[in-house]
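Listed here are the chains, written in short residue letters.
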Amino acid sequence: KCDVDMEKMWEKCEEKYNTIKNSFYKLSHFITDFILAILCYNMHGDRMKKNIKVNYKSIFKYDDHHETVQFKSDGIYEKGFDKEKFTFYNNDQKIEIILKGKEMTLANGPSLLNLSYHRKIGNHYHTDYGMIELFTELITMEHDRYLKVKYILSDEHQQLSEVYVMMKYDFYGEENEAI
């Protein structure tokens with residue numbers, strides 16, 4: 001009787017061992033497939049992060065005058081699944097531009113502007129007098145190793161300015177042309 005019980009126990013142990021072994025085998029294959037997917041994803045350039053040279057210019061066009069901001073800077077370009085991000089500085093002021101389909105986010109220090117094609121969006125805009133709510137509406141956006149944007153800035157009642165943003169960017173080692 002003891003031999004029969006030991007045999008049954010041994011069979012159960014073998015079954016549990018095989019179950020654990022199969023689970024471990026499946027888990028190790030899942031982890032390997034996951035790592036390979038990440039490596040292939042990065043190798044095919046679907047996601048990248050590179051240092052760039054930025055040549056930036058923005059023009060704020062008012063009724064009776066215009067203001068221009070222009071500078072060159074070093075920055076970082078990141079491309080992900082569905083968006084592109086540019087991070088650079090004007091003096092000590094951090095600027096981020098995020099492009100996602102037909103939408104754009106422009107962060108310039110404490111000001112954060114969200115822009116969408118032909119849709120007015122309320123934003124918090126930093127001025128010398130403090131934070132105010134202004135509305136943006138994206139009119140045009142071109143993007144292909146450069147960025148050209150036109151948007152309207154308004155308060156609740158009227159258009160305040162047309163804003164033009166032009167940015168040329170090159171990866172390090174390439175020539176940066178004037179805009």
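Quick caveat, the model's predicted, so the values are computed rather than measured.

J.: Kindly report on the packing of aromatic side chains, identifying the contributing residues and their values.
T.: How two aromatic rings sit relative to each other is given by the distance of their centres and the angle of their planes. Taken as a whole, this structure holds eight aromatic pairs when the rule is applied. Ring geometry for Tyr 169 and Phe 171: centres 6.3 Å apart, planes at 85 degrees, overall edge-to-face. Classification of Tyr 169 by relative accessible area gives buried; the value is 2%. Each residue in the set Tyr 77, Phe 86, Tyr 169 and Phe 171 is aromatic and connected to the rest through ring pairs, giving one cluster.

J.: Pulling in residues and values, what's your account of the pairing of strand 5 (residues 103–108)?
T.: Pairing geometry for strand 4 (residues 93–100) and strand 5, over six bridges, is antiparallel. Bridge pairing in strand 5 links Ile 95 to Asn 108. The antiparallel pairing of strand 4 with strand 5 creates a hairpin that spans two residues between the two strands, and Gly 101 there sits at a positive phi of about 60 degrees. As judged from the six bridges shared by strand 5 and strand 6 (residues 111–116), these two strands associate in the antiparallel manner. What sits directly across from Glu 103, in strand 6, is Ser 116. Counted along the chain from strand 5 to the antiparallel partner strand 6, the turn is two residues long, and its residue Gly 109 has a positive phi close to 65 degrees.

J.: Could you give an account of the nonpolar core, with specific residues and numbers?
T.: Counting 28 residues, the largest nonpolar core has Phe 86, Phe 88, Ile 97, Tyr 151 and Met 167 as its most contacted members. When residues in this core are grouped by element, the largest group, five residues, is from strand 10 (residues 159–171). Aside from chain neighbours lying at most four places away, what touches Ile 97 is Glu 84, Lys 85, Phe 86, Phe 88, Met 104, Thr 105, Leu 106, Leu 147 and Met 167.

Scoring rules and cut-offs
Residues numbered from 1 in each chain as written. Predicted model: local features only at pLDDT ≥ 70, side-chain atom pairs only at ≥ 80, totals over all residues. Heavy atoms only, no water. Phe/Tyr/Trp six-rings, centres within 6.5 Å; stacked < 30°, edge-to-face > 60°. Buried < 20%, exposed > 50% of the residue type's maximum accessible area, 1.4 Å probe, protein only. Pairing = 2+ DSSP bridges. Helix = DSSP H or I, 4+ residues; strand = E, 2+ residues; numbered from the N terminus. Core = buried A, V, L, I, M, F, W, Y, C linked by side-chain atoms within 4.5 Å. Contact = heavy atoms within 4.5 Å.

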